[in-house]
Structures are given as C-alpha cells and as structure tokens.
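As a plain string of letters, each chain reads:
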Amino acid sequence: MRLSEALKINGKPAGDADRTLQIDLVCGFTPLHLATFLQAYAQLRWPDYRAAVQTGLFGDLEGNIERASGRDGVLAIVEWSDLDQRLGYRASAGWGAAVLDDVLMQVEDSCRELESRLSKLGERVPVAVVPPTLALPPVSYLPVAHLGAWEGRLRLLLAQFEERLTRRAGIRLVSDTQLALRSPHAQRHDIKLDLRAGFPYTIQHAEALAALGIECLFPAAPKKGLITDLDDTLWKGILGDAGVDGVSWSLENHAQEYGLYQQLLSSLADSGILIAAASKNDPAPVLEVLQRADILLNASQIFPVHAGWGAKSQAVERILETWNIAPDAVVFVDDNRMELAEVAEKFPVMECLRFPAGDTQSALDLLWKLRSLFGKTELLEEDRLRATSVRTSKAMLDVRAAEGGSPEFVRRLDAKVALRFLSESGDKRAFELVNKTNQFNLNGRRYTEAEWREFFKRPGAFLVLVNYEDRFGPLGNIAVLAGENGGDAALIESFVLSCRAFSRQVEYQIIRQLFDRTGFSKLEFSFLPTGRNGPLIEFFSGLLGVQPGPGSFELPLCAFDKTCPPLNHKVEIYG
C-alpha cells in the first residue's frame, strides 16, 4: 500500500458511526506515517467500523503503555532506544567500552518493566508487540563482521523477554520472520528522518509493520478446508504415465517441493483443517499411492478422495456437499490453469491457487500463503474432532438415506445435548463460533474481542454454549446463543449453529430449553438476512409460518409448541 492510498482510505466516510474500532499505537518515537498506515489497514480489516488510532507522547514508551486506552487493541512497538537510550542515534550518552556492561543491566531492567506493564495491559485488551526491528548502532569495539559476547548477551536478554511475553495472556508477538520477508533489514531505517523528526522508519518499513500489526491483532477467520489436485501437485509426475511407484515427492528425485507441500497439508490436518483430493485419475491407483509407506500425508488425513474423469468442478462440488461447508471457506489447489479457471467460474468465492510445478521458489511462496490462510491462534478440542466428525456425519447421512429419511432415524441417534448457561464471555470456542459461522447465523454480526466482553457486562446478559454427541460420535461445542433477559422476553442477539450439526434437531432443542430456562412466553430475535444464512431462515420460517424480515421478530411459545417436532435428545443443563 502506498502512503497516498492509505490517506485516501482514511479520508473516506467509513463504517457505522456507532461502531468505532479504537486502537492505541504505543511507541517511544513520533508515529507519523506508521499511524496513517495502521488506521488504513484497520479500516480495511473492519470495513463496517470507523477506525481510530490514538498515539502517545514522544520518548515515553512505558508511560504510553500505562495510558493506553484503546478499547479494541494495542500495537506496542519496542525499539533498542526504548530499552536504553544509548542504543539509539538521538542520544549523546557515549558508546565507550566502559558503558557496555551498564547498558546490559539497563536493558534487562527495561525488559522486566515492559513485561510487567504489557502483561497488565494484555489482561484487558488484545496487545500485539513488535520487538526491536532496526539494526544496533555501532556501539561495540569489535570488527563489524564479528558477533561478540556483549551483543550475544544483549540478544539473549531480548529473546528471553520475547519468550516470556509469548506465555502471557492477551499478548501476541508480531513474527520477525514475516517482517523480514516483507521488509528487508537494509531498507528499514531512515536515519535522516530519525534525527530530524524522531521517526526512524522508511515508508516501506512503516507500511509492513502496520500490515502485520493489524494481522496480528485481528487475525482473519481461518479457512476450513483445502481441496488438492494430485498429479504434479501432491506429487511430481502423472500417475497414469509414471505408475504408482513412479510418482515422487523426495529430495533424491528432485521433487522436495511436493514433499514440503505434503508436510504442510499433514500439519494442517492435525490442526483440524479438512483435506480432500480431486483428481482426474482412475480411483484404484490413486488409493495405492496414498497407501505408500513413504507418503508424508497420511491417507486417513484425506477425506474424501474423488478420482474420476468428470469435470473438476463436479468433484469439488461433491466434496463440499460431503463436508457441508460453504465454498468461501475452502481453498482449491491445482497445477493446471484451466482446471483452476473452471472451478473458479463455478465457485467464484472460493480461493483457487496454482501449484507452480517446476518453480521451487514459487512453491515455497505458496506454502507461506496457505499457512496465512489456515493459521490459528489456538487449537481447541473441536479442531481435533472436526475431521472425524465429518466422516461420521457422512456415515450418518448415508444410513439415513438408506432408511428413506425416516423421522424415526433421529430418535435412534441416542443423542445427548449439553447446554452450559454462562454469564461471562471467557469461552474461546463460543467467540470463534459466533465470528465464523455463516449458514445458520441469526444476523451475521461479527464482534471484536472488546465488543464481546462488553456485551456480557449488560444486566441480564447470558451465553448458551451447546455440546452434542450421538452414536456416530461427538461433535463438540457446535452452537452458541447470546442474549439478555428483557422485561417480558429474552432478547437474542446472536444464535449460530455449526453446519456439522445440521439434521439432528439441535436447533429445536436449544429453543425448547431456552423457553424452559427463562420462563418467558416469547423470545425476541435480532435478525438480518445475509445472503448466506438460508438454513436459519428456513428454520424460523417453519416455526413462524412466514419468512421473517430484517429487524426483530418474536417467537411465541404457543407457536413453537405447535411446530416443534418430538425431541428425543438426552439433555444435560449446566450453570
């Protein structure tokens, strides 16, 4: 992004006047262009909000941390001069050998103090921390090609500081690896601007810092599934020509980029990402290759595998049906530009990426791209269950179809629904579900972490987290309902249900238990059609006898009693 583009973005009327995204930029230097870029990237990340960036006082990093009031997030940037002014260019305190030991003691004290202040800040607001990004000044007497004991000790103090911060709740460190890829070290420092205006960065470095800072503070919802081609994508070679033993992915066969791709997919599968294959091949040899002892992606980690000679988009469509997730939550990878174009035409919201066969550097770039699309800040129990639950859901639907869709089938599921009624926002799975569920979603409302916490400070606010399992296996926490008790009704602000739980009458049971719990004769729902929440609209249309319109609608208990089918879940209530 150019500075002119950032200024243009910031100058446009944006978002809802009642929804402001408040961010503090905490640093010890004059923020200048960094604040401009930070506001622009925040605006792009949250287009429905008005982004506002607050800065602090020059030369007072610790004080700025104490005064930080950003409701939605804080980006804290630490440079060497914040740890000891003698490590900056604006000070005149001497660089002689006699002061070096004193510098180390000061840096250690500064790291401890900053850790304490940042930790307290992280208890109430998300904090992204950027450790020093600039090169040290020439303070050592050693030749510039040497890394001496003094600098080694200095860098150890910094590494220990960073490691301690990674274990603090509410604090995230911006990746120095990603920063180096976007902003080479030699292009970071503007010494002239540093000395004359107190702003140490080049425009390019400020832009990279702002972009990564927003990505770290407000990570996008990860994609849910990846569909991969096989020939010249998962392995090197054409299976029909080379045979089962002829395709390769090893260093010895000059095919290591395919092995690295397999390793990444295996890692994604371990983190709960769904992996499937769509290939124009005969099924039998495909399954033989996936059973080879040297393959790096376990066959059990790929489901389903569609091998045949039909259009690639048809295979992708069948995979989406099996997974029961929307195409915008899926990435498709293929080496063939024509296949990519065909799938993209069929599913324009799906991200379609080319595997660059024969271009090792571009293959590595693809791996980083995939990691950015699927990366998670934390692994939850539901991530572990996801792949297994997709298989069991498919098995359940197959059995149900074989029985002709009998209503009695749901009764024979031996299903257990556990509802936890909470009065605070601390459950991470609830926040995740609300912010990434699309098909069964009351209004599509997304929350910042601060908004989610603020919601539960209202009098009478409550949260319902729903766990489900049946004879086909557990699905984990699959539904969230958030609302507050009003004068004569429960007011429901959010209601989401994972697509993995469809066709099990869980949504009816949640409403039934909410009526029983609150004792109200009606529930009021804050509804908005999103273009993607058709299953929710269908559900409430069946209860009301008419499709609800935008805004609030009421569901009387008497209407629910008339339309609710017999429910046979075993129900457990907590809280």
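Predicted model only: the values in this text are computed from it and were never measured. (Residues numbered from 1 in each chain as written. Predicted model: local features only at pLDDT ≥ 70, side-chain atom pairs only at ≥ 80, totals over all residues. Heavy atoms only, no water.)

(A) Molecular detail of the layout of surface pockets. The calculated volume of the largest pocket comes to roughly 1,600 Å³. In this structure, the largest pocket is lined by 49 residues; those nearest its centre are R172, F431, N435, Y447 and E449. Sort the elements by how many residues they give to the lining of the largest pocket and helix α18 (residues 428–436) lands first, with five residues. Along the lines of polarity and charge, the residues of the lining of the largest pocket split into 19 nonpolar, 12 polar and 18 charged. Of the pockets and cavities examined, the second largest pocket occupies roughly 1,300 Å³. In this structure, the second largest pocket is lined by 40 residues; those nearest its centre are P219, A220, S372, L373 and G375. Residue assignment for the lining of the second largest pocket shows that the elements contributing at least two residues are α2 (32–45), β5 (171–173), α7 (176–182), α9 (203–217), α15 (360–374) and α18. Among the residues making up the lining of the second largest pocket, the classes are represented as 15 nonpolar, 11 polar and 14 charged. (1 Å grid on protein atoms, 1.4 Å probe; cavity = no way out; pocket = protein on both sides within 12 Å on 5 of 7 lines; lining within 4 Å. Points joined across faces, edges and corners; volume = space filled by probe spheres on them. Helix = DSSP H or I, 4+ residues; strand = E, 2+ residues; numbered from the N terminus. Nonpolar A, V, L, I, M, F, W, Y, C, P; charged D, E, K, R; others polar.)

(B) Main features of the sheet that holds strand β6 (residues 225–228). Read from one edge of the open sheet, five strands run β8-β7-β6-β9-β10, paired in parallel fashion. Unpaired on one side and paired on the other, β8 (305–308) and β10 (351–354) mark the two borders of the sheet. Neighbouring strand axes in the sheet, compared pairwise and without regard to direction, differ in orientation by 15° on average. Note that β6 and strand β7 (residues 274–280) share four bridges and pair parallel. Looking across to β7, one finds that L226 is bridged to I275. Sheet strands touched by helix α11 (residues 256–270): β6, β7 and β9 (330–334). Its angle to β6, the strand with the most contacts, is close to 150°. Together, β6, β7, β8 and β9 form the strand contacts of helix α13 (residues 312–323), whose direction differs from that of β7 by roughly 155°. (Pairing = 2+ DSSP bridges. Axes fitted to C-alpha atoms, helices over the stretch in contact; angles between N-to-C directions. Contact = heavy atoms within 4.5 Å.)

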